[in-house]
Amino acid sequence: MGGAVSAGEDNDELIDNLKEAHYIRSDLVEQAFRALDRADYYLEEFRDNAYKDLAWRHGNIHLSAPCIYSEVMEALDLQPGLSFLNLGSGTGYLSTMVGLILGPFGVNHGVELHADVIDYAYKKLDFFIKTSDSFDKFEFCEPSFVVGNCLEIIPNCRQYDRVYCGAGVQREHENFMKNLLKVGGILVLPLEEKLTKITRTSHNTWETKKIIAVSFAPLVLPKNGDRSQSTGVPLPAMFEVRTLQDFARISIRHTLKVILGASHEREAAGCQPPLVGVPKSGPCFKRRRIHRRRINSVLLASKHTLEHRMIPESFDDDSSDGVEEEGQLGRLGVGYQANDEEEERGNRDSAQEPAVNLLRERILSLPLPEPLKMYLLYYRQK
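Our subject in this report is the structure included herewith. (Residues numbered from 1 in each chain as written. Predicted model: local features only at pLDDT ≥ 70, side-chain atom pairs only at ≥ 80, totals over all residues. Heavy atoms only, no water.)

**Here's the deal with the pattern of salt bridges**
Enumeration over the complete set of coordinates arrives at 11 salt bridges. E30 is the salt-bridge partner of R34, the closest N and O atoms lying 2.9 Å from each other. Taken as a pair, R34 and E30 lie in helix α2 (residues 27-35) at a separation of 4 residues, close to a single helical turn. When its relative accessible area of 14% is taken as the criterion, E30 is described as buried. Across the pair R171 and E192 runs a salt bridge whose closest N-O atoms are separated by 2.7 Å. Of this pair, R171 sits in the loop between β6 (160-165) and α7 (174-178) while E192 sits in the loop between β7 (181-191) and β8 (194-200); the two residues are 21 residues apart in sequence, bridging distant segments of the chain. Looking at R171, the relative accessible area reads 39%, which means it is partly exposed. (Salt bridge = Lys/Arg side-chain N within 4 Å of Asp/Glu carboxyl O. Helix = DSSP H or I, 4+ residues; strand = E, 2+ residues; numbered from the N terminus. Buried < 20%, exposed > 50% of the residue type's maximum accessible area, 1.4 Å probe, protein only.)

Take a look at the structure:
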């Protein structure tokens, strides 16, 4: 399944295409997709195909098409602090994107049939945590994966706010999937060749919505064919007891991100730190108003130029009006054109500079013992 959008040259272009085709519709989902490079979840020899809107399979490793993942992410309606269960978690690509939205106090679990795929998923997760700047830009809920057949999860053992199944579900297993949901929870699954969203509205009622036609491999049935005789798949603990140090680290990192974000916004606007009770006036706001007036002047000058070019030139000998008009346009537009060219050159120069991980730089600059800095950098040095 896939091929709904054009191939991209890189991850950002793929996301642009998904947005243009309305598969990605919310800012939160777009941010999660841009934070994670799809090619990082491919084997090296297959990376050239990563930005095509196609599913990929190699042995037991499988990735759904980008258009499917984007529809799934939109349908799940994710929010910070929710619990999520991914049935058929595969490479961990979807679970990691979900974790970027759930935040540090969410729950992010996955069940995968193949042990070698679990190993692959943990390697990719470790690579993301250690190397990606996106890890420091988001409050992350790290996924936990277990090996097993999702149909062997013990019924009524626990329930989640959000559940996704990445394999075709037979009608006889629909109720089993529904019972994994809390009241108010959302289940997204391929059911009878349709990607389907099921919302649990009460203990015994559900709302069902068909999203798009899909083609998924069916769920693998338990070998013994009888779940009641199975020992069951041991899911991770729903709420893990954390140490005080862990809470302190999360709080400190969050505080630094807030400070850095506010400082960056003020620097970008050329403003001094705001004072409580002071009205919104001064150099920063004045500069914004001047900038808006400058833009309006450029637009008026451009409109004047366009209209002038659309009028046929006169063959009269008296050309003084044309010279005067050209001089007026020069006074209106030349200075702005020069400024725009300078800005454009500046933008090109800044685009060539590597992005700076502000959180990492700030932590490393703190007057703290090195072991504490490494602890605040989370898993960067593990």
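From this point, the discussion proceeds with the structure in view.
**So, the packing of aromatic side chains**
Counted according to the given criterion, the structure contains 8 aromatic pairs. Centre to centre, the rings of F46 and W56 are 5.7 Å apart; their planes meet at 50 degrees, and the pair counts as tilted. Here F46 is found in the loop between α2 and β1 (56-58), whereas its partner W56 is found in strand β1, with 10 residues between them in sequence. What makes F46 partly exposed here is its relative accessible area of 24%. The buried category is assigned to W56, whose relative accessible area is 8%. These aromatic residues form a ring-pair network of at least three members: Y41, Y69 and Y93. The ring centre of W206 lies 4.8 Å from the NZ or CZ of K178, which sits over that ring. (Phe/Tyr/Trp six-rings, centres within 6.5 Å; stacked < 30°, edge-to-face > 60°. Lys NZ or Arg CZ within 6 Å of the ring centre and 35° of its normal.)

**Side note on the packing of helix α1 (residues 11-20) against α2**
Relative to each other, α1 and α2 sit at 155 degrees, their axes nearing to 9 Å. In terms of axis orientation, α1 runs roughly antiparallel to α2. For the element pair α1 and α2, the recorded crossing hand is right-handed. Note on element contacts: α2 touches α1 through E30, F33 and R34, opposite N11, D12, I15, D16 and K19. Of the residues contributing to the contact of α1 with α2, the split by class is 2 nonpolar, 1 polar and 5 charged. (Axes fitted to C-alpha atoms, helices over the stretch in contact; angles between N-to-C directions. Parallel < 35°, antiparallel > 145°, perpendicular 65-115°, else oblique. Left-handed = near helix turned anticlockwise from the far one by under 90°. Contact = heavy atoms within 4.5 Å. Nonpolar A, V, L, I, M, F, W, Y, C, P; charged D, E, K, R; others polar.)

**A look at the packing of α2 against helix α4 (residues 93-102)**
Packing of α2 against α4 brings their axes to within 9 Å, and their N-to-C directions diverge by 125 degrees. When the interaxial angle is binned, α2 and α4 end up oblique. Once α2 is placed against α4, the crossing between them reads as right-handed. Residues L28, A32, F33 and A35 of α2 lie in contact with α4, whose contacting residues are Y93, M97, L100 and I101. Taken together, the residues of the contact of α2 with α4 break down into 8 nonpolar, no polar and no charged.

**Points about the environment of S215**
Assignment of secondary structure puts S215 in the loop between β9 (206-213) and α8 (244-269). With 25 residues separating them along the chain, S215 and P190 place their C-alpha atoms 7.9 Å apart.

**Things to note about the sheet that holds β6**
The strands that make up a sheet are held in pairs by hydrogen bonds between backbone atoms, and each pair lies either parallel or antiparallel. Across the sheet, which stays open at both edges, the 7 strands sit in the order β5-β4-β3-β6-β7-β8-β9 with mixed pairing between neighbours. Lying at the two open borders of the sheet, with one neighbouring strand each, are β5 (144-147) and β9. Averaged over all pairs of adjacent strands, the angle between their axes in this sheet comes to 15 degrees, without regard to strand direction. When strand β4 (residues 107-112) meets β5, the two strands line up parallel, connected through 4 bridges. Bridge pairing links G110 to F145 in β5. On the sheet, helix α3 (residues 66-76) packs against β3 (83-87), β6, β7, β8 and β9 and is oriented at approximately 160 degrees with respect to β7. (Pairing = 2+ DSSP bridges.)

**A few points about unusual backbone geometry**
Although it is not a glycine, E192 sits at a positive phi angle of roughly 55 degrees. Overall, E192 belongs to the partly exposed group, its relative accessible area being 49%. Despite not being glycine, E193 has its phi angle at roughly 65 degrees, a positive value. Along the chain, E193 turns up in the loop between β7 and β8.

Just geometry here; none of it tells us what the structure is for.
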